[in-house]
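One letter stands for each residue in the lines below.
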Amino acid sequence: MGLTIAQKIIKNHLISGNMVQGEEIALRIDQTLTQDATGTMAYLEFEAMGIERVKTELSVAYVDHNTLQCGFENADDHRYIQSVCAKHGLRFSKAGNGICHQVHLERFGKPAKTLIGSDSHTPTGGGLGMLAFGAGGLDVAVAMGGGAYYITMPKMFKVNLKGKLKPFVSAKDISLELLRILSVKGGVGAIIEWGGEGIKTLSVPERATITNMGTELGATTSIFPSDEITCEFLKKQGRESDFVPLESDSDAVYDKIIEIDLDKLEPLIACPHSPDNVVKVSSLKNVKVDQVCIGSCTNSSLADLLKVSAILKGRTVADSVSLSISPGSKQVLSALSASGALQDILKSGARLLECACGPCIGMGFSPNSAGVSLRTFNRNFLGRSGTKDAEVYLVSPETAAASAIFGKITDPRTLDEISPLPLPDKFEIDDSAIIMPLPEKEAKKHEIVRGPNIKPVPSGAALENKISATVALKTGDNITTDHIMPAGAKILPYRSNIPYLSKFCFSVIDEGFPERAKALKSSVILGGSNYGQGSSREHAALVPLYLGVKAVIAKSFARIHAANLVNAGILPLTFADEKAYGEISQNDEIELCDLFDGIKRGQVTLTDKTNGKTYELICNFTERQQQILKAGGLLMFTKNL
Ligand code: MIC
Ligand code: SF4
């Protein structure tokens, strides 16, 4: 039987386990990346492991999320990360150099290699034919130390593209179309491979838009073949020697095959508050727009911004609209400026922001009260923009630019045809903002700089055979990590300060939760399906751990969050019969008994002392996960080895 692209890379990186769907496999990791919002914690964990030098082929720390520096906190964190990089053998990409996924694509990504990153959009690298996963910071720390990355062998989905995109329809619309078809849960447990003759019409940055948004499908990762288009991209980056061809075998077997006809695709839009709430742009008439944001790791390539500038050229942004542009990298911004396109953007009245995540993670540019914001980003979860009652829509750069001009949601096909400036034959290579680590000898003497904002990582306690707890919170379906541990300008500077962060846990849906959980000392959370979707932030596990949460019992979990809970020593359990979800209430007193035996058997009994009933819970932990949980989390487990 032939192999898919992902199966080929897995086969070449398999350390243990069988490539049998549903079984745990361990993979050798070639490259790692972190960003600052998750990186500080990852490096504190890496330091706790006591390893001198990273053991990967390449590890890069980016500063892109938290660049406002409204106080000493995140400036200190940047210093800390930079000093760790110098000492332990990592490259450090300074604030302003760009968004991790865009810069990694440009400068470091390599086809057929494995990459894990402490950011859920790490699959962006799949646009280059990498097998790239988002992971919790601790998993990244372990990989930096030469340890394996564990995943469940995924299902294989194939999306075949046929035809060619029509003018003003773009890669973002392909992503939105797949979200419309599959929903935010549709990719769970699967790797999505893209193929068909239509992919030959897509450049690497367009492919990267698509693999980036595969995260919103809940997919383990997404990947494109490595072909002549990949080679062309690497050549323009002066990295032709990194090219290797990669394609699936003609007799590879897929669990699901989906076809999308590019000729028939229209501009699409995800309505508030979920990326799969997708309709045609043309179906929304007279929706007034207050702000438009163009950028993020999804849509900030030079090709995207050249299209935007071609639309804005000679026009002015509507009086009522505030338009922001955040180029993905210094390379993109320099090329935009060299081509003259930047001038067209500025003349239109757009506001140029830094090459960073910015508004995507609520770092500034929050919409006005009840404002309508159109964003080329990948997530429109409630409150993520920083304004709780804002209405955030996700669109392509073309739809964003057209709507900014007219002040209302506008189908870009109503514009006259545009001719964007051509892409350069070769990009200007300037890696001056990527700092190399110190040579090993000097590194030994190098001091790590630690600011007062850096507090110790909370550590779990060894699992006890019985948990008595109170249900501190009962949630609905699709709870995101932005609900559990919000980000934004007010909170993000405290990503290395778990006690402070804990004050905001679940604040989007229940402001009383932190106090309540803390007072209870031992609690559980009851969740619906797809609990923990979205970001890879392990803070969504570490903060509940700090607040005394012992287990999360849900209908189902998102992959990275479930792994983060295990790593933190919190039990992720699912209902054997979802009827139980309806019967257990917030504030109920519960007991989980015989846990040692239960986690071995894969089944634990919950006794609800308040309603007097018992329920069966499922937990299919691997041998390794059982040991991690027993030890009180991955850090304790690694220390005990
Ligand atoms: C996000 O898009 O939600 C983030 C911020 O990039 C996160 C990481 C984080 O929480 O720091 C992600 O996607 O993993
Ligand atoms: Fe940054 Fe937004 Fe991308 Fe997350 S999704 S990495 S916050 S640009």
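Here goes a summary of the coordinates provided. Because the structure is predicted, anything quoted here is derived from the model rather than measured. (Residues numbered from 1 in each chain as written. Chains lettered and ligands numbered in written order. Predicted model: local features only at pLDDT ≥ 70, side-chain atom pairs only at ≥ 80, totals over all residues. Heavy atoms only, no water.)

## Re the overall build of the chain
Alright, step 1. Looking only at helices and strands, the chain has 22 helices and 27 strands in total.
Alright, step 2. Its C-alpha radius of gyration of 23 Å places the chain within 12% of the 26 Å reference for a compact globule of 641 residues.
Alright, step 3. When the backbone C-alpha atoms are referred to their principal axes, the chain occupies close to 70 × 60 × 55 Å.
Alright, step 4. The 641 residues of the chain split such that 64% are buried. (Helix = DSSP H or I, 4+ residues; strand = E, 2+ residues; numbered from the N terminus. Rg over C-alpha atoms; globule rule 2.2 N^0.38 Å. Buried < 20%, exposed > 50% of the residue type's maximum accessible area, 1.4 Å probe, protein only.)

## Focus on the site of ligand 1
Alright, step 1. Around ligand 1, the surrounding shell holds 14 residues, and the nearest of these are His-65, Asp-119, Ser-120, Ser-536 and Arg-537.
Alright, step 2. Take Ser-120: an N or O atom from its side chain is 2.5 Å from an oxygen atom of ligand 1.
Alright, step 3. Note that an oxygen atom of ligand 1 is positioned 2.8 Å from one of the side-chain N or O atoms of Arg-379.
Alright, step 4. In isolation ligand 1 offers 330 Å² of accessible surface; the protein chains occlude 97% of this area.
Alright, step 5. Looking at the shell around ligand 1, its residues break down into two nonpolar, seven polar and five charged. (Near = heavy atom within 4 Å. Polar contact = N/O pair within 3.5 Å; in protein donor to acceptor, adjacent residues only side chain to side chain. Areas by Shrake-Rupley, 256 points an atom, 1.4 Å probe, with all protein chains shown as cover. Nonpolar A, V, L, I, M, F, W, Y, C, P; charged D, E, K, R; others polar.)

## Describing the site of ligand 2
Alright, step 1. Taken together, His-65, His-101, Asp-119, His-121, Ser-296, Cys-297, Cys-357, Cys-360, Ile-361, Asn-378 and Arg-384 form the complete shell of residues around ligand 2.
Alright, step 2. Of the residues belonging to the shell around ligand 2, the class tally is four nonpolar, five polar and two charged.

## Digging into the sheet that holds strand β26 (residues 603-608)
Alright, step 1. Sheet architecture is closed into a barrel: seven strands sit in the order β21-β22-β23-β24-β27-β26-β25, paired in mixed fashion. Strand-to-strand twist of the sheet, defined as the mean angle between neighbouring strand axes without regard to direction, takes the value 35 degrees.
Alright, step 2. Looking at chain direction, strand β25 (residues 589-592) and β26 are connected through three bridges and run antiparallel. By the bridge assignment for β26, Ile-590 is matched with Asp-608. (Pairing = 2+ DSSP bridges. Axes fitted to C-alpha atoms, helices over the stretch in contact; angles between N-to-C directions.)

## Some details on helix α7 (residues 204-213)
Alright, step 1. Counting buried positions along α7 gives ten out of ten residues, so the element sits mostly inside the fold.
Alright, step 2. Every buried residue of α7 is accounted for by Val-204, Pro-205, Glu-206, Arg-207, Ala-208, Thr-209, Ile-210, Thr-211, Asn-212 and Met-213.

## Description of the sheet that holds strand β7 (residues 131-134)
Alright, step 1. With mixed pairing, the six strands of this open sheet are ordered in space as β7-β6-β3-β4-β5-β20. Among the strands making up the open sheet, the edge pair consists of β7 and β20 (434-435).
Alright, step 2. Strand direction decides the pairing type here: strand β3 (residues 31-34) and strand β4 (residues 58-62), joined by four bridges, are parallel. Note that in β4 the partner of Thr-32 across the bridge is Ser-59.

## Details of the pairing of strand β21 (residues 467-474)
Alright, step 1. A large share of β21 lies buried, amounting to six of its eight residues.
Alright, step 2. Bridge analysis of β21 against strand β22 (residues 523-527) gives four bridges, and the strand direction is parallel. Bridging from a neighbouring strand, Leu-473 pairs with Ile-525 of β22.

## Some points on unusual backbone geometry
Alright, step 1. That bond from Pro-272 to His-273 is cis: its omega, -5 degrees, falls within 30 degrees of zero.
Alright, step 2. Along the chain, the position of His-273 falls in the loop between β13 (268-270) and β14 (278-280).
Alright, step 3. Positioned with a positive phi, Ser-183 is a non-glycine residue whose angle comes to about 75 degrees.
Alright, step 4. With respect to the element layout, Ser-183 can be found in the loop between α6 (171-182) and β10 (190-195).
Alright, step 5. Taking relative accessible area as the criterion, Ser-183 reaches 24% and is therefore assigned partly exposed.
Alright, step 6. Phi at Ala-370 takes a positive value of approximately 55 degrees, unusual for a residue other than glycine.
Alright, step 7. Tracing the sequence through the fold places Ala-370 in the loop between β17 (351-352) and β18 (372-375).

## Thoughts on the pattern of salt bridges
Alright, step 1. Per the counting criterion, the structure on display carries 32 salt bridges.
Alright, step 2. For Arg-207, the salt bridge goes to Asp-227, with nearest N and O atoms at 2.9 Å. Here Arg-207, found in helix α7, pairs with Asp-227, found in the loop between β11 (221-223) and α8 (228-236); they are 20 residues apart in sequence, far enough to count as distant. Each of the two residues, Arg-207 as well as Asp-227, counts as buried.
Alright, step 3. Beyond isolated ion pairs, a larger network of salt bridges with shared partners links Lys-200, Arg-207, Asp-227 and Glu-228. (Salt bridge = Lys/Arg side-chain N within 4 Å of Asp/Glu carboxyl O.)

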